[in-house]
Amino acid sequence: MEDDRQNKRRGCKALGPPWWEFFDFQFLDTLIDEVDWSIFGAVYEFKPNSNNDDYPKGAPRYVIAFRGTMLNEDTAVRDILIDINVFLNSLHHRSRFGKAMEAVENMVSVQGSSNIWLAGHSLGSAIAMLLGKKMAKTGNFLVSYLFNPPFVAFLFENIGSRTVKRGIDTASRLLSHAMKNNQEKQPPEHLFKDLSQWVPNLFLHPADIICSGFIKYFELQEKMQSSGCIERLATPNSLKGLLVNAFQKEFYSEDLHLIPSARVITSCSPHAHWLCQWFTDDSVSDTKVYC
């Protein structure tokens, strides 16, 4: 839709409508960024054709979808700035996210959380993930399809140097000891557990540097009980969070990637970050659920 807007394709020349009309969806509304006036999201309603006597089991009533980064003249600057916010775990400060949050809350209050799906690719999946997390904390568990979501954490096992690992491990033990002496800086673990009922669908490619960290993240979760101190800290926290929060009054930081559960689908497509890799089943692996 945004590409249609930028290229002034309207009516029968627009390329967007066939995508949702083919699946019996009707377009309801767009979400517009008030800075660059681009379309960053859209709301669709599922309207099965008259040949379907019964509503398809498991189908959504509504889908709220968010696009990824577009490096075109009209959108590149704004999108890249928001990408930076994603990696600094400050996406919630952006007006684009605020507008998305308002739209989702309004839709849920009217239609109910069981009737709404979230979807997004890349930057759009970061927005959808944060929306899903915030709604889950209010007891609204939205079905979510997140394609190539950005993983913004620092993983201890990615460090190759043993010397660097020893140094970080020593520093983390000192930090951990300091936190134990200050109960106010303990992370509220119940907030993490509250999300466990929300199981988003994550579509990941092992070769995509943007999202591949999620694969190791969930593998590490299974080993956390036997891991060293730094791995327990580094798995649920970004590097920025580890450093900054150590000097703040409250330790907890809501990192974007911090989710306890997910249904993970991986791909072996040569197009690691492209959305089109998920259009067919040829390169998609079996699903693995982490809870």
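The structure we're discussing is the one just above.
Residues numbered from 1 in each chain as written. Predicted model: local features only at pLDDT ≥ 70, side-chain atom pairs only at ≥ 80, totals over all residues. Heavy atoms only, no water.

> Where do I start with the overall build of the protein in this structure?
Along the protein, the regular secondary structure elements total ten helices and eight strands. For the protein, the proportion of its 291 residues judged to be buried stands at 47%. Carbon and sulfur atoms form 55% of the exposed surface of the protein, whose accessible area is close to 15,600 Å². (Helix = DSSP H or I, 4+ residues; strand = E, 2+ residues; numbered from the N terminus. Buried < 20%, exposed > 50% of the residue type's maximum accessible area, 1.4 Å probe, protein only. Areas by Shrake-Rupley, 256 points an atom, 1.4 Å probe, with all protein chains shown as cover.)

> In this structure, what is going on with the sheet that holds strand 8 (residues 288–290)? I would like to understand it.
The pairing of strands in a sheet comes from backbone hydrogen bonds and takes either a parallel or an antiparallel form. An order of 1-2-3-4-5-6-7-8 is seen for the eight strands of this open sheet, with the pairing classed as mixed. The open sheet is flanked by strand 1 (25–32) and strand 8, the only strands paired with a single partner. Between one strand and the next, the sheet's axes are offset by a mean angle of 20 degrees, whatever the strand orientation. Pairing geometry for strand 1 and strand 2 (residues 39–46), over seven bridges, is antiparallel. Along strand 2, the bridge assignment pairs Thr 30 with Ala 42. Relative to strand 4 (residues 116–121), helix 5 (residues 123–136) is tilted by about 145 degrees, and along the sheet it contacts strand 3 (62–66), strand 4, strand 5 (143–147) and strand 6 (201–204). (Pairing = 2+ DSSP bridges. Axes fitted to C-alpha atoms, helices over the stretch in contact; angles between N-to-C directions. Contact = heavy atoms within 4.5 Å.)

> Could you clarify how one ought to interpret the side chain of His 121 in this entry?
Counting through the fold element by element, His 121 comes out in strand 4. Within the local environment of His 121, its side chain forms a polar contact with the backbone oxygen of His 273, the two atoms lying 2.9 Å apart. Excluding residues that lie within four positions of it along the chain, His 121 makes contacts with Phe 66, Arg 67, Gly 68, Phe 147, Asn 148, His 273, Trp 274 and Leu 275. (Polar contact = N/O pair within 3.5 Å; in protein donor to acceptor, adjacent residues only side chain to side chain.)

> What should I look at first to understand the packing of aromatic side chains in this one?
Here a ring pair, both rings aromatic, is described through the centre-centre distance and the interplanar angle of the planes. Across all of its chains, the model carries 18 aromatic pairs by this definition. With a centroid separation of 4.9 Å and 80 degrees between ring planes, the pair formed by Tyr 217 and Phe 218 is classed as edge-to-face. Using a relative accessible area of 0% as the deciding quantity, one classes Phe 218 as buried. Taken together, the ring pairs connect Trp 117, Tyr 145, Phe 147, Phe 203 and Trp 278 into an aromatic cluster. (Phe/Tyr/Trp six-rings, centres within 6.5 Å; stacked < 30°, edge-to-face > 60°.)

> It is not clear to me how the pattern of salt bridges should be interpreted in this structure. Could you clarify?
Two side chains with opposite charge may pair up if their charged atoms get near one another. In the structure shown here, the tally under the stated rule is ten salt bridges. Measuring nitrogen to oxygen at the nearest pair gives 2.7 Å for the salt bridge that ties Arg 5 to Glu 2. Pair noted here: Arg 5 and Glu 2 are both in helix 1 (residues 2–6), with a separation of three residues, about one helical turn. Taking the relative accessible area as the measure of exposure, Arg 5 reaches 34% and is therefore partly exposed. (Salt bridge = Lys/Arg side-chain N within 4 Å of Asp/Glu carboxyl O.)

> Would you take a moment to explain the environment of Met 70 for this structure?
In this structure, Met 70 sits in the loop between strand 3 and helix 3 (76–87). Note on Met 70: relative accessible area 16%, which makes it buried. In the structure, Met 70 is positioned 53 residues away from Leu 123 in sequence and 9.5 Å away in space, judged by C-alpha atoms. Discounting residues that sit within four places of it in the chain, Met 70 has contacts with Glu 2, Asp 3, Gln 6, Thr 75, Ala 76 and Asp 79.

> What is the right way to look at the nonpolar core in this model?
A general trend in soluble globular proteins is that nonpolar side chains are found buried together. Residues Ile 64, Phe 66, Leu 131, Leu 202, Phe 214 and Phe 218 are the most contacted members of the largest nonpolar core, which totals 45 residues. The element that contributes the greatest number of residues to this core is helix 5, accounting for nine residues. With residues up to four places along the chain from it excluded, the contact list for Phe 214 reads Met 129, Pro 149, Pro 150, Phe 151, Leu 202, Leu 204, His 257 and Ile 259. If you look at the next biggest cluster of nonpolar residues, it comprises eight residues, including Phe 25, Ala 42, Tyr 44 and Phe 46. (Core = buried A, V, L, I, M, F, W, Y, C linked by side-chain atoms within 4.5 Å.)

> How should I be thinking about the pairing of strand 3 in this particular structure?
A regular strand carries its side chains on alternate faces of the sheet. Within strand 3, four of the five residues are buried, leaving the element largely enclosed by the surrounding structure. Summarising the sheet, strand 2 and strand 3 pair through five bridges and their orientation is antiparallel. The residue of strand 3 that forms the bridge with Gly 41 is Phe 66.

> Before we go on, may I ask you to explain unusual backbone geometry in this structure?
Trans is the prevailing form of peptide bonds, just as negative phi is the prevailing case for residues other than glycine. The phi dihedral of Asn 89 falls on the positive side, at around 55 degrees, and the residue is not glycine. Judged by its relative accessible area of 11%, Asn 89 falls in the buried class. Backbone geometry places Ser 122, a non-glycine residue, at a positive phi of 55 degrees. Here Ser 122 is to be found in the loop between strand 4 and helix 5.

> Where do I start with a nonpolar patch on the surface in this structure?
Judged by side-chain polarity, Leu 71, Val 77, Ile 80, Leu 81, Ile 84 and Leu 88 come together as a nonpolar surface patch covering roughly 560 Å² of accessible area. Structurally, Leu 88 can be placed in the loop between helix 3 and helix 4 (95–111). Looking at Leu 88, the relative accessible area reads 41%, which means it is partly exposed. (Patch = residues over 30% accessible without salt bridge, like charges linked within 9 Å, V, L, I, M, F, W, Y side chains within 5 Å.)

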